[in-house]
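Coordinates in review
One letter stands for each residue in the lines below.
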Amino acid sequence: MIYFWRMDFSESINQQVILENHPVSLYIKREDLLHPYISGNKFRKLKYNLAQAKKENKTTLLTFGGAFSNHILAVAAAGNEFGFKTIGIIRGEELRFKIDENPTLQRAQEFGMDFEFVTRESYRHKANPLFIGEIKQKFGDFYLIPEGGTNELAVKGCEEILSENEADFDYICCAVGTGGTISGIINCSKPSQQVLGFPALKGDFLRQDICSFAKRDNWDLITDYHFGGYGKVSEELIRFINDFYKKHKIILDPVYTGKMVFAVIDLIEKKYFPDNSKILMIHTGGLQGIAGMNKLLKQKKLLEINVND
């Protein structure tokens, strides 16, 4: 295969989270440190997709995302770094007039991404062959990366999240969006380990998607910590993220990892985990979205995420 991904940035590390009066040990794997823009699970998901695009002699990457999509920015940054033209199909026609007000889209544009803004109704057909055909007529040949980046090559990349350094953990915990990251973690976990996923979306519908990629059954989804659904937060969650940063100097994003860490610590306090369990949480990045979230919180005069010392 063509392998051209540069590991310019330090490998992720496991950082202990200090707990008091709880008979378990808790660590967080800093996948957010892999790259400043192609961060966390996006780094893993794009690795083999970029190699495949290069192998197919594609010069353009096309993908889908919403207003503050980590995936959109990661694809734009990857295209800029590795010489691909990038196109983002963005959900919400009104956003075409608000790029300057949107930190994610603004940075993606700076990385050279071109946007096609579509209605929310049209966006629902993003996987429809007719819709894809219309896009090809407009933009020509491209390498298609699905929304969120999840496909077989993405799962292959996420299978590299765990190494032998994590073999002695009893539980592996991660946030779940489209299911690709947890599928890769399941596939590279040990049979003795339990993988727990914490969906950022309401409902239990992701199980079927995960089953299509996962090769083991040592996993479960805990669906009680979505805080109202995708992109929704509460003052309780924001306070938790701010307190966690003060204590541990680790920034958590409010859409994915922040909810997962909140959930794990809450479950520890509720004695969900057996005594002496060794628990690893995966930090999947997404910190770029904090600026956009704070903008929304400020407009609503709500508590903001504080990432300053």
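Scroll up to find the structure this text is about.
A brief structural summary. The structure displayed is predicted, hence computed values, not measured ones.

Let's shift gears to the sheet that holds strand 5 (residues 114–118). The strand order 5-4-3-6 describes an open sheet built from four strands, whose pairing is parallel. For this open sheet the edge positions go to strand 5 and strand 6 (143–144), each flanked by a neighbour on one side alone. Pairing of strand 3 (residues 60–65) with strand 4 (residues 85–91) involves six bridges; the strand directions are parallel. Within strand 4, the position partnered with Gly65 by the bridge is Ile90. Helix-sheet contacts for helix 2 (residues 70–82) involve strand 3 and strand 4, and the interaxial angle to strand 3 is about 165°. The sheet strands contacting helix 5 (residues 129–139) are strand 3, strand 4, strand 5 and strand 6, and the helix crosses strand 3 at an angle near 135°.

Turning to helix 10 (residues 257–269), a few remarks are in order. When the terminal C-alpha atoms of helix 10 are compared, their 18 Å separation across 13 residues agrees well with the 18 Å that a helix rising 1.5 Å per residue should span. Of all 13 residues that make up helix 10, 12 are buried, and the element is covered over most of its length. Buried within helix 10 are the following residues: Thr257, Gly258, Lys259, Met260, Val261, Phe262, Ala263, Val264, Ile265, Asp266, Leu267 and Ile268. In the core, the buried residues of helix 10 are packed alongside strand 2 (25–30), strand 7 (171–176), strand 8 (194–199), helix 9 (235–248) and strand 10 (278–283). Positive backbone phi, at 60°, marks Lys271, one or two positions downstream of helix 10.

Packing of helix 1 (residues 41–55) against helix 2 brings their axes to within 11 Å, and their N-to-C directions diverge by 45°. Considered as vectors, helix 1 and helix 2 are oriented oblique to each other. In terms of crossing hand, the pair formed by helix 1 and helix 2 is right-handed. Residue-level contacts link Lys42, Leu46, Leu50 and Lys54 of helix 1 to Asn70, His71, Ala74, Val75, Ala78 and Phe82 of helix 2. Grouping the constituent residues of the contact of helix 1 with helix 2 by class yields six nonpolar, two polar and two charged.

Each value, and the rule that gives it
- Every residue gets a number counted from 1 within its own chain, in the order that chain's sequence is written.
- The predicted origin of the model limits local features to residues at a pLDDT of at least 70 and limits the giving and counting of side-chain atom pairs to 80 or more, whereas totals for whole chains, interfaces and linings rest on all residues.
- Side-chain metrics in this entry use all non-hydrogen atoms of the structure; hydrogen atoms and water are not considered.
- Only strands joined by at least two bridges in the DSSP assignment are considered to pair.
- In this description a helix means any DSSP run of H or I spanning at least four residues, a strand means any run of E spanning at least two, and both kinds are numbered starting from the N terminus.
- We call two residues in contact whenever any of their non-hydrogen atoms come within 4.5 Å of each other.
- To get an axis, fit a line to the C-alpha atoms, keeping to the stretch in contact for a helix; angles then go from 0 to 180 degrees between the N-to-C directions.
- Each residue after the first adds 1.5 Å to the expected span of a helix.
- Residue burial is assigned from relative accessible area. The probe radius is 1.4 Å, only protein chains are included, and a residue is buried under 20% of its type maximum, exposed over 50%, and partly exposed in between.
- These descriptions rest on fixed angle ranges, namely under 35 degrees for roughly parallel, over 145 for roughly antiparallel, 65 to 115 for roughly perpendicular, and the rest for oblique.
- A clockwise turn of the near helix away from the far one marks a right-handed crossing, whereas an anticlockwise turn of less than a right angle marks a left-handed crossing.
- Under the convention adopted here, Pro, Cys and the residues Ala, Val, Leu, Ile, Met, Phe, Trp and Tyr are nonpolar, Asp, Glu, Lys and Arg are charged, and Gly plus all remaining residues are polar.

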